[in-house]
Amino acid sequence: MALMPKRVKYRKTQRGKNRGVAVRGSKVNFGEYGLKALENGWLKSIHIEAVRVLIARQLRRGGKLWIRIFPHKSVTKKPAETRQGKGKGDLDHWVAAVKRGQVIFELSGIPEESAREAFRLAAFKLPVRTKFAKHSYTY
């Protein structure tokens with residue numbers, strides 16, 4: 001089942017701009033390791049679900065996964081071979097707008113090599129470039 005909001009005030013949203021660098025959500029807060037976006041983009045709910053399934057298989061009942069993003073934005077699409085006009089298209093899918101520097105997923109409870117490998121495989125399933133990030137313990 002794909003991620004989507006339970007209810008929204010408005011079904012159809014405008015595209016908007018997705019520029020700049022993430023200030024909020026740019027540090028690894030919950031786990032020990034994170035997967036950080038290196039460019040701006042939209043992650044579909046199916047991308048997030050694909051990575052969740054892949055990492056769940058990698059963890060094999062050990063460790064914990066945090067998903068730091070949620071697809072709040074609706075994307076509409078008009079049917080193929082349809083003339084222009086006649087209003088905005090029907091809702092097609094939901095996306096999470098991701099800025100560069102934003103931590104997308106976090107992991108803990110597994111060795112670093114395992115986390116690196118899990119995130120390396122996860123990166124293939126995502127439409128944005130990513131990098132491995134560690135929690136910076138400052139006391």
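Just so we're clear, the structure is a prediction, and the values are computed from it rather than from any experiment. (Residues numbered from 1 in each chain as written. Predicted model: local features only at pLDDT ≥ 70, side-chain atom pairs only at ≥ 80, totals over all residues. Heavy atoms only, no water.)

Caption draft 1: Here's a closer look at the packing of helix H1 (residues 45–59) against helix H2 (residues 112–124). Here H1 crosses H2 at 155°, and the two axes come no closer than 10 Å. On the basis of the axis angle, H1 is roughly antiparallel to H2. Crossing hand, H1 versus H2: right-handed. Contacts from Val-51, Leu-54, Ile-55 and Gln-58 in H1 reach Glu-117, Ala-118, Phe-119, Leu-121 and Ala-122 in H2. Looking at the contact of H1 with H2 residue by residue, the classes come out as seven nonpolar, one polar and one charged. (Axes fitted to C-alpha atoms, helices over the stretch in contact; angles between N-to-C directions. Helix = DSSP H or I, 4+ residues; strand = E, 2+ residues; numbered from the N terminus. Parallel < 35°, antiparallel > 145°, perpendicular 65-115°, else oblique. Left-handed = near helix turned anticlockwise from the far one by under 90°. Contact = heavy atoms within 4.5 Å. Nonpolar A, V, L, I, M, F, W, Y, C, P; charged D, E, K, R; others polar.)

Caption draft 2: How the structure looks around the nonpolar core. Leu-43, Ile-55, Ile-104, Phe-105, Leu-107 and Phe-119 are the most contacted members of the largest nonpolar core, which has 24 residues in total. If one sorts the elements of this core by residue count, H1 sits on top with five residues. Apart from residues no more than four positions distant in its own chain, Phe-119 is found in contact with Tyr-33, Gly-34, Leu-35, Ile-55, Phe-105, Glu-106, Leu-107 and Phe-132. (Core = buried A, V, L, I, M, F, W, Y, C linked by side-chain atoms within 4.5 Å. Buried < 20%, exposed > 50% of the residue type's maximum accessible area, 1.4 Å probe, protein only.)

Caption draft 3: Looking closely at unusual backbone geometry. The phi angle at Arg-60 is positive, at roughly 50°, despite the residue not being glycine. Position of Arg-60 among the secondary structure elements: in the loop between H1 and strand E3 (64–67). Despite not being glycine, Glu-81 shows a phi value in the positive range, around 55°. Within the secondary structure, Glu-81 is located in the loop between strand E4 (73–77) and strand E5 (90–98).

Caption draft 4: Spatial organisation of the sheet that holds strand E6 (residues 103–108). The four strands are arranged E3-E6-E1-E7 in an open sheet whose pairing can be described as antiparallel. With partners counted over all chains shown, the strands left at the sheet margins are E3 and strand E7 (130–134), one partner each. Between one strand axis and the next, the sheet turns by 20° as a mean value, whatever way the strands run. For strand E1 (residues 33–37) and E7, the ladder comprises five bridges, and the chain directions are antiparallel. If you follow Tyr-33 over to E7, its bridge partner there is Lys-134. Contacting E3 and E6, H1 crosses the sheet at an angle of about 170° to E3. Along the sheet face, H2 touches E1, E6 and E7 and points at about 155° away from the line of E7. (Pairing = 2+ DSSP bridges.)

Caption draft 5: Highlighting H2. The end-to-end C-alpha distance of H2, which contains 13 residues, comes to 19 Å, matching closely the 18 Å that a straight helix rising 1.5 Å per residue would cover. The complete set of buried residues in H2 reads Ala-115, Ala-118, Phe-119 and Ala-122. For H2, the angular spread of the buried residues around the axis is 95°, confining them to a single face. Opposite the buried face of H2, by more than 90 degrees, sit the exposed residues Glu-113 and Phe-124. Each element contacted by the buried residues of H2 is listed here: E1, H1, E6 and E7. (Expected span 1.5 Å × (residues − 1). Arc of directions from axis to C-beta.)

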